[in-house]
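This is what each chain is made of:
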Amino acid sequence: MTKTTASAPVLSPRALNRATLDRQLLLRRSGLSAKAAVGHLLGLQAQNVKPPYYALAARLDGFAPEELSELMADREVVRIVTMRSTIHTHTAEDCLTLRPLVQPARDRELINFRKGLQGVDLDRLAVRARELVEAEPRTMKQLREALLTEWPDADPQALAIAARCKLPLVQVTPRGLWGRSGQVALTTAQHWLGRPTEPNPTELSPTEPNPTEPTPPGPTPDATVLRYLAAFGPASVKDMQTWAGLTRLRDAFERLRPRLRIFRDENGVELFDLPDASRPAEDTPAPPRFLPEFDNLLLSHADRTRVVPKEYWGRSWQGNQAYCTLLVDGFLAGVWKLTGDTLVVEPFDRLTKAQQTDVTAEGQRMLATLHPGTPYDIRFGTVVGR
């Protein structure tokens, strides 16, 4: 611990909780538009179609699912693999800048498939895959089959994943639209949006840039650090690296240090924050919130105790199956599901009558927002055991 860090103010888990909830638009609902909220939050986890809609319903005042659906239909937001090699819903602008920022992680991902890609020229594969998906959107199966004709000895799955890693492939509509169905079909972000992505930032390049060549313009991690802190701060370097699925972000934080406030958590870990950012008092009320599976609130810090109590670690998923989660007093307190015409809430511990009343009211609000006119019962299930 440096002398500067040792003298920095300490933020308790509850203080970090309230600050993060405020940045995440979860202390009180925001009047932001759906597009502005997606941008502020640096995207929404979207492994499945519905989670972005539930995420915004928990955060925005007056949100209607058709608002996000129309943005997607108009190509103002898109679904694309970015942070942590997972699908996110991003604004078109962030799609074109954040994807190049995390490209080094996508390149490293290919190491896991090198056995199935022996003899494959990855640059050539990227060119061929671009030709295919820009001629017409392709499913992963169609892409595998087409690439296999050129590299018959390669692993088909590895070929398709290599294309996804090398190219910024977006899922075209109707996939992702509210109340619509559609299989995953892919084309490039440039083709879908009609404009180019930004070049890769040299600061995060896996190799050192050639000093004899001019530095290409493009996004730098510095601007993204500031946006990350605005949405997830106060946070450590490791926190942001966890969110992005990247390494080597320390230099960006050090460049920004003179512009940031420094804190530390109760374990002495250095935390950075924007100087004018809101840090509400620990006793600020935090209403219940119903969140979708894999919400970024629970995934975007190396130390998740600001939202997930240690005794509940690992209780929001089982194997590869993640549950929709419930916040009570700002912290993970249970899981929920819609089963037929019933919203089933399964807390991890006993809720007081007042808490049950508040959770019921929040559940009714969520259902009225996303499923208006459809009658649902709300039932509290048995407390979920370890």
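Residues numbered from 1 in each chain as written. Predicted model: local features only at pLDDT ≥ 70, side-chain atom pairs only at ≥ 80, totals over all residues. Heavy atoms only, no water.

S.K.: Just checking my understanding: could you explain the sheet that holds strand β12 (residues 331-339) for this structure?
M.R.: As a general point, the strands of a sheet are linked pairwise by backbone hydrogen bonds and lie either parallel or antiparallel. The sheet built from five strands is open, its strands ordered β8-β11-β12-β13-β14 with mixed pairing. Since the sheet does not close on itself, it has two edges, and those belong to β8 (289-291) and β14 (377-380), each with one partner. The average undirected angle you get between the axes of adjacent strands in this sheet is 30°. As judged from the five bridges shared by strand β11 (residues 324-328) and β12, these two strands associate in the antiparallel manner. Looking at β12, one finds that V328 is bridged to F331. (Pairing = 2+ DSSP bridges. Helix = DSSP H or I, 4+ residues; strand = E, 2+ residues; numbered from the N terminus. Axes fitted to C-alpha atoms, helices over the stretch in contact; angles between N-to-C directions.)

S.K.: So what exactly am I meant to see when it comes to the layout of surface pockets here?
M.R.: With a probe scaled to a water molecule rolled over the atoms, the places where space remains empty come into view. Empty space within the largest pocket amounts to approximately 250 Å³. As for the largest pocket, its lining consists of 21 residues, and the residues nearest its centre are F294, L299, S316, W317 and A322. Within the lining of the largest pocket, the residues separate by chemical class into 11 nonpolar, six polar and four charged. Considering only enclosed or pocket space, the second largest pocket measures out at about 180 Å³ in volume. Breaking the lining of the second largest pocket down by element, the ones donating at least two residues are α4 (51-57) and β12. With three residues, the top contributor of residues to the lining of the second largest pocket is β12. (1 Å grid on protein atoms, 1.4 Å probe; cavity = no way out; pocket = protein on both sides within 12 Å on 5 of 7 lines; lining within 4 Å. Points joined across faces, edges and corners; volume = space filled by probe spheres on them. Nonpolar A, V, L, I, M, F, W, Y, C, P; charged D, E, K, R; others polar.)

S.K.: Quick question: what am I supposed to make of helix α9 (residues 140-148) here?
M.R.: Helical geometry: 3.6 residues make up each α-helical turn, so side chains three or four residues apart lie on a common side. Looking only at α9, the buried set comprises M140, L143, A146 and L147. Looking down the long axis of α9, one finds its buried residues gathered within 130° of arc, a one-sided arrangement. Of the surrounding elements, those touching the buried residues of α9 are α8 (122-135), α10 (156-166), β4 (169-171) and β5 (186-188). (Buried < 20%, exposed > 50% of the residue type's maximum accessible area, 1.4 Å probe, protein only. Arc of directions from axis to C-beta. Contact = heavy atoms within 4.5 Å.)

S.K.: What's the story with empty space enclosed by the protein in this structure? I'm lost.
M.R.: What the rule picks out here adds up to one cavity of 30 Å³ or more. Size it by volume and the largest cavity reaches roughly 70 Å³. As for the largest cavity, its lining consists of 14 residues, and the residues nearest its centre are L44, Q45, A55, D295 and N296. Elements supplying a minimum of two residues to the lining of the largest cavity: β1 (44-45) and α4. The residue makeup of the lining of the largest cavity, split by class, is seven nonpolar, four polar and three charged.

S.K.: Just to check I follow, could you spell out the confidence of the model for the protein for this structure?
M.R.: Interpreting fine coordinate detail is not advised for predicted regions of low pLDDT. Residues at a pLDDT of 70 or more form 92% of the protein, whose mean pLDDT is 91. In the predicted structure, residues 200-218 sits below a pLDDT of 50 and forms 29 contacts with residues beyond four places in sequence or in another chain. (pLDDT = per-residue confidence, 0-100.)

S.K.: Before we go on, may I ask you to explain the pattern of salt bridges in this structure?
M.R.: Evaluation of the coordinates by the stated rule reveals 28 salt bridges. Residue R195 pairs with E93 through a salt bridge whose shortest N-O separation is 3.8 Å. Taken together, the residues R195 in the loop between α11 (189-193) and α12 (221-232) and E93 in helix α6 (residues 92-101) connect sequence positions 102 residues apart. In this structure R195 comes out as partly exposed when scored by relative accessible area, which is 34%. Judged by its relative accessible area of 38%, E93 is partly exposed. Linking R257 and E254 is a salt bridge whose minimum nitrogen-to-oxygen distance equals 2.9 Å. By relative accessible area, which is 22% here, R257 ends up partly exposed. (Salt bridge = Lys/Arg side-chain N within 4 Å of Asp/Glu carboxyl O.)

S.K.: Just to check I follow, could you spell out the environment of I87 for this structure?
M.R.: Following the sequence through the fold, I87 ends up in strand β3 (residues 87-91). Classification of I87 by relative accessible area gives buried; the value is 15%. Along the backbone, I87 and Y312 are 225 residues apart, and their C-alpha atoms lie at a distance of 26 Å. Sequence-distant contacts of I87, that is, excluding residues within four places in its chain, are made with L44, Q45, A46, Q47, R79, I80, V81 and Q171.

S.K.: Which parts of the structure should I look at to understand helix α2 (residues 13-23)?
M.R.: Counting buried positions along α2 yields nine of 11 residues, so the element is predominantly enclosed. Within the sequence span of α2, burial applies to A15, L16, N17, R18, A19, T20, L21, D22 and R23. Buried residues along α2 sit in contact with α3 (34-40), α12, β7 (270-273), β11 and β12. Count one or two residues on from α2 and you reach L25, which has phi positive near 65°.

S.K.: Which parts of the structure should I look at to understand the side chain of T20?
M.R.: Among the secondary structure elements, T20 is positioned in helix α2. Relative accessible area serves as the criterion here: at 0%, T20 is assigned to the buried category. From its side chain, T20 meets the backbone oxygen of L16 in a polar contact 2.8 Å long. Not counting the four nearest positions on each side in its chain, T20 is found in contact with A231, F232, G233, L297, H301 and R306. (Polar contact = N/O pair within 3.5 Å; in protein donor to acceptor, adjacent residues only side chain to side chain.)

S.K.: What should I look at first to understand the environment of L246 in this one?
M.R.: Here L246 lies in the loop between α13 (237-244) and α14 (250-256). Considered as a pair, L246 and R84 are 162 residues apart in the sequence and their alpha carbons are 8.0 Å apart.

S.K.: Help me out: how do you make sense of the nonpolar core in this one?
M.R.: One broad rule of soluble globular proteins: the nonpolar side chains tend to lie buried together. L56, F63, L68, F290, M366 and L370 are the most contacted members of the largest nonpolar core, which has 32 residues in total. Elements that contribute at least two residues to this core include exactly α3, α4, α5 (65-73), β11, β12, β13 (342-347) and α15 (353-370). Ranked by the residues each element gives to this core, the list is headed by α4, at five residues. With sequence-adjacent residues up to four places away left out, L370 is seen in contact with Y53, Y54, A57, F63, P65 and W178. Within the second largest apolar cluster, 28 residues are counted, among which are L42, L229, I262 and L274. (Core = buried A, V, L, I, M, F, W, Y, C linked by side-chain atoms within 4.5 Å.)

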